[in-house]
Amino acid sequence: MRVLRSSCLYLSMLSVWVWLAAPAQAEIKPSGLFNDNCVLQRDMEIPVFGTGTDGEKVSVTLDQDKAEATVKDGKWLAKLKPLKAGGPYTLTIAGNKDKVECKNVLVGDVWVCGGQSNMEMGMGGTANAKAAIEASANDKIRLITIPRHGKPSPQDDVSAKWEVCGPQTVGGFTAVGYYFGRALQKDLNVPIGLINSNVGGTPAERWTPKEALAAEPALDVYAKNANSSDLYNAMIHPLIRYAVKGAIWYQGESNAGQAYRYRTLFPTMIKSWRTAWNEGELPFFFVQLAPFMKIEDHPTDSNWAELREAQLLTLKNVPKTGMAVITDVGDEKDIHPKQKQPVGERLAQAARAVAYGEKVEPSGPIYASMVVSGPEVTLKFDHVGQGLMMKGDKLTGFTIAGEDKKFVNADAKIVGDTVVVSSPEVPKPASVRFGWANYPVVNLWNKDGLPASPFRTDTWPATTDKN
């Protein structure tokens, strides 16, 4: 009896040892971006990817199309043929033994919504939130939020969940992103997928890959910082194999103290994202900083004005971009203005023109050139659209200076498609500035319903140049 018990114990232990010693068979697992309710990008190859055991075959099926891949180095990627907008479909991902089904999948346009707190700000904290949330149900808009954290090295996957847009899901979702997606969905009548990837209080260098920072001498100081690139690593890098239409961006407040360097940093970040996605000139639309802080009666230096200038220069110098000017929705005491609907809708209008080729005006008036004639300066603009206009009885926000660089408030008037600026205090003008303040009080628009961007005509040294 004792021998029998010893033999049974030995066999039991042997079986456990054999089980532990056997090579583990990892299940076929798609990226966390593929689950029920997801939106896949239309009109381009659809990459589907994930992890598994080396050598295992993976088949991916969507509608009538099927693609196959083999796991190598623990990863696999299959590419489905381009599809027109439509659905719902079931996306099936199968290995040798296991199968994953993603149901209620749509094909449409996918947009990444990035930036800091003004992009992160959820619908529940915005103007007219209650009515907007109650009216938000739309099966053709899908939402996914990327977990907010950083990593010291690039990550390949995220744990996230797509949801159908509606009162139960949109309250904490980016308001700018929602209003952008809602406007596009209404205009295009195709499904829209919105990827919410943003963190409040973060500078752009944390959203830029380390190698891109190190390659620019002006940005090498950022590359050496411990937390540079950490948000890119954890919140953007896992997305780069997922096909998207483009990105929208609201950020800059955290870089205002180094606005001059932002002239290099921001275009570098955009270029690095485009390189990572490998989709050519990925459409990229951003928000110029809103007015904030005390309204000044007289001209002053302004880090925020210099940051807006860096954003304006990015618009002028980087192709396939657009900028939403929001000088009319600021708040003196709150860095997070609650009017987010016009922000999202202006981004959508820029996208309609630049990304979709519609014949709509993408921007308010943008300074182009000036002509000095005696005591007057005549300003010319791009994006005049249907014509210049002012909101109010008198143009505001213009200042003027001579070679002494001492700015004073100026008189300004619209003359055709130009603005003529002067001041009796400056008989020989050398420069004009518009909206050059932390909180610009300005009212120049085009008749297409878009405000003019703040600008300056000079290139004199600014306060952040030395930073």
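Residues numbered from 1 in each chain as written. Predicted model: local features only at pLDDT ≥ 70, side-chain atom pairs only at ≥ 80, totals over all residues. Heavy atoms only, no water.

## Some points on the environment of Val442
Applicable threshold: Helix numbering and strand numbering both begin at the N terminus, where a helix is a DSSP run of H or I of at least 4 residues and a strand a DSSP run of E of at least 2. For this analysis, residues touch if any pair of their heavy atoms sits within 4.5 Å.
With respect to the secondary-structure elements, Val442 resides in the loop between β22 (431–434) and β23 (444–446). Through-space distance from the C-alpha of Val442 to that of Phe286 is 20 Å; in sequence the pair is 156 residues apart. With near-sequence residues (within four places) excluded, Val442 lies in contact with Thr327, Thr396, Gly397, Phe434 and Gly435.

## Focus on the packing of helix α4 (residues 175–188) against helix α10 (residues 341–354)
Where we set the bar: Note on geometry: axes are C-alpha line fits, over the in-contact stretch for helices, and angles between N-to-C directions span 0 to 180 degrees. Our angle categories are set so that under 35 degrees counts as roughly parallel, over 145 as roughly antiparallel, 65 to 115 as roughly perpendicular, and the remainder as oblique. Rotating anticlockwise by less than a right angle from the far helix to the near helix defines a left-handed crossing, while the corresponding clockwise rotation defines a right-handed one. Residues are sorted three ways: Asp, Glu, Lys and Arg are charged, Ala, Val, Leu, Ile, Met, Phe, Trp, Tyr, Cys and Pro are nonpolar, and all the rest, Gly among them, are polar.
Axis separation between α4 and α10 bottoms out at 7 Å; the angle between their running directions is 45 degrees. It follows that α4 is oblique to α10 by the angle criterion. Considering how the two elements wind past one another, α4 and α10 form a crossing that is right-handed. Where α4 approaches α10, its residues Val176, Tyr179, Phe180, Arg182, Ala183, Leu184 and Asp187 are matched on the opposing element by Gln341, Val343, Gly344, Glu345, Leu347, Ala348, Ala351 and Arg352. A class-by-class count of the residues in the contact of α4 with α10 yields nine nonpolar, two polar and four charged.

## Details of the nonpolar core
The following threshold applies: By convention a nonpolar core is built from buried Ala, Val, Leu, Ile, Met, Phe, Trp, Tyr and Cys residues, the set being connected through side-chain atoms within 4.5 Å. Exposed residues in this analysis have more than 50% of their type's maximum accessible area, buried residues have under 20%, and partly exposed residues fall in between, with area computed by a 1.4 Å probe over protein chains only.
With 96 residues, the main nonpolar core has Leu91, Ile195, Tyr242, Trp273 and Phe398 as its most contacted residues. Per-element tally for this core: the top contributor is helix α8 (residues 259–277), with eight residues. Setting aside residues up to four positions removed in sequence, Trp273 forms contacts with Val112, Trp207, Tyr232, Ile236, Ala247, Trp249 and Phe284. Of all hydrophobic cores here, the second largest spans 37 residues; its members include Ile141, Tyr178, Val190 and Ala355.

## A word on the pairing of strand β7 (residues 86–94)
To be explicit about the condition: A pair of strands counts as paired when DSSP detects no fewer than two bridges linking them.
Examined bridge by bridge, strand β4 (residues 57–62) and β7 share four bridges and lie antiparallel to one another. Within β7, the position partnered with Leu62 by the bridge is Leu91. Relative to strand β8 (residues 99–115), β7 is paired through six bridges, and the arrangement is antiparallel. Paired with Leu91 across the two strands is Cys102, which belongs to β8. What sits between β7 and β8 in their antiparallel hairpin is a turn of four residues.

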